[in-house]
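# Coordinates in review
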Amino acid sequence: MPNPFQAVPPSSRVEGLSDLRAVASAPGKLILFGEHAIVYGHPAIAAVTNQRTEVEVDRCGDRFTVNGYRIHERYHSYLKKAVEHVWKHDDPIRIQTEGGVPSASGTGSSAALTVATVAALMQLDGQQDEEGNHDLAKLAQLSFEVERLTQGGGSPIDTSTSTAGGGIAIGGKPPGIGDPLWDITWEDHAWSVERIALPELSIVVGNSGVKGKTDEQVAKVARGVQRNPLVREALADIGKLSHEAIPALKANDYVAIGELMNKAHSALHTIGVNHPALQKLVDVVRDVPGTYGAKITGAGGGGSIAVLTDKPYRAARAIEEAGGTPYQITIGGPGVEWADMATVP
Ligand code: PMV
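Description of the structure in this document.

What counts and how
Residues numbered from 1 in each chain as written. Predicted model: local features only at pLDDT ≥ 70, side-chain atom pairs only at ≥ 80, totals over all residues. Heavy atoms only, no water. Near = heavy atom within 4 Å. Polar contact = N/O pair within 3.5 Å; in protein donor to acceptor, adjacent residues only side chain to side chain. Areas by Shrake-Rupley, 256 points an atom, 1.4 Å probe, with all protein chains shown as cover. Pairing = 2+ DSSP bridges. Helix = DSSP H or I, 4+ residues; strand = E, 2+ residues; numbered from the N terminus. Axes fitted to C-alpha atoms, helices over the stretch in contact; angles between N-to-C directions. Contact = heavy atoms within 4.5 Å. Buried < 20%, exposed > 50% of the residue type's maximum accessible area, 1.4 Å probe, protein only.

## Some details on the site of the ligand
Around the ligand lies a shell of 15 residues, among which Lys29, His36, Ser155, Asp158 and Thr214 are the nearest. Taking Ser155, its side chain carries an N or O atom lying 2.5 Å from an oxygen atom of the ligand. Thr214 is positioned such that a nitrogen or oxygen atom in its side chain is 2.7 Å from an oxygen atom of the ligand. In isolation the ligand offers 380 Å² of accessible surface; the protein chains occlude 94% of this area.

Structure follows, in structure tokens:
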């Protein structure tokens, strides 16, 4: 069976069909280093995971729907914002989603959903060039705007990672550790996104089951930044760890990467985004043979930890026994992809 997400020459497209519907998919992400610090312009490093969300949009219905239900702010906040922000025509959009990225786990489910939706809408709007290529910088910018308008805060790390695929470095100033991809702006803020090469890392994500809300954690850190110099120092330290991680990642040095992850976890604790349920998972998994390092990944306050291990099965079992939900993931792989509508049934 042909893979509908493989690039195909434009000549094989079915004339007309692409005007009516479009399908795109986008991956989740894992922040290796730099969460929260990136909000203050310090560099961060993230990579896509092998979990993906697929979105189909069409202009064949007579009202705006999501998976058959009328679109509603309360249940479809990202999707509603994406349609309002990107779709400038009068005809209603029907959206079908198929999510492979677990929600509220720090692995980028809302970014995957947003990027896939914006990508599908751009395709439906005919924004690709003659060869069928899309403007990824524009997609990353629009997706960030949708996330920001929905969440009210945060950085473009999730949406840019999901768009770009592979691994990225991102910072308020060009991190200068990879090849420039694009810049993202919001009011008087700007971020530079760079492509970095990452080794294939075996990561186990442990979801604590406690829902961590990104906007609440970002707001909590903002209060700390105003009141406490230790929080400001810890955020700068987190940014330095992103720089230190580059040679370790290049050398595929698990011991060095693991140590840096442990240091990042301590700094995230200092800025106040740890949670007893996360610390329990970190403590348990650090005692498991094969573990090189473990840290909060994403906003914290709940959500997930990331574990670098060469014995993923053992790490996963320990997380499960401690009450968490483990996901074994690989990082790297493609970013956003559009389906060739000629092969989609
Ligand atoms: O909660 P997540 O996985 O979307 O990660 C958020 C990362 C933060 O740095 C805390 C916020 C941001 O948008 O950069």
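That covers the picture; the talk isn't over yet.
## Details of the sheet that holds strand S11 (residues 304–309)
Strand order in the open sheet formed by 4 strands is S10-S11-S9-S12, and the pairing between neighbours is antiparallel. In this open sheet, the two strands that pair with only one neighbour each are strand S10 (291–297) and strand S12 (325–330). Strand-to-strand twist in this sheet, taken as the mean axis angle between neighbours without regard to direction, amounts to 25°. In this sheet, S12 lies alongside strand S9 (residues 202–207) in antiparallel orientation, the contact comprising 6 bridges. Within the sheet, the bridge partner assigned to Val205 lies in S12 and is Tyr327. In the packing of helix H9 (residues 312–321) onto the sheet, the strands contacted are S9, S11 and S12, and the crossing angle to S9 comes to about 5°.

## Quick look at the environment of Ala47
Following the sequence through the fold, Ala47 ends up in strand S2 (residues 44–58). Since its relative accessible area comes to 0%, Ala47 is described here as buried. Expressed as a C-alpha distance, the spacing of Ala47 and Lys80, which sit 33 residues apart in the sequence, is 27 Å. Ignoring anything within four residues of it in the chain, the contact list for Ala47 reads Gly28, Lys29, Leu30, Thr161, Gly166, Gly167, Leu198, Ile331 and Gly332.

These values are about where atoms sit, not about what they do.
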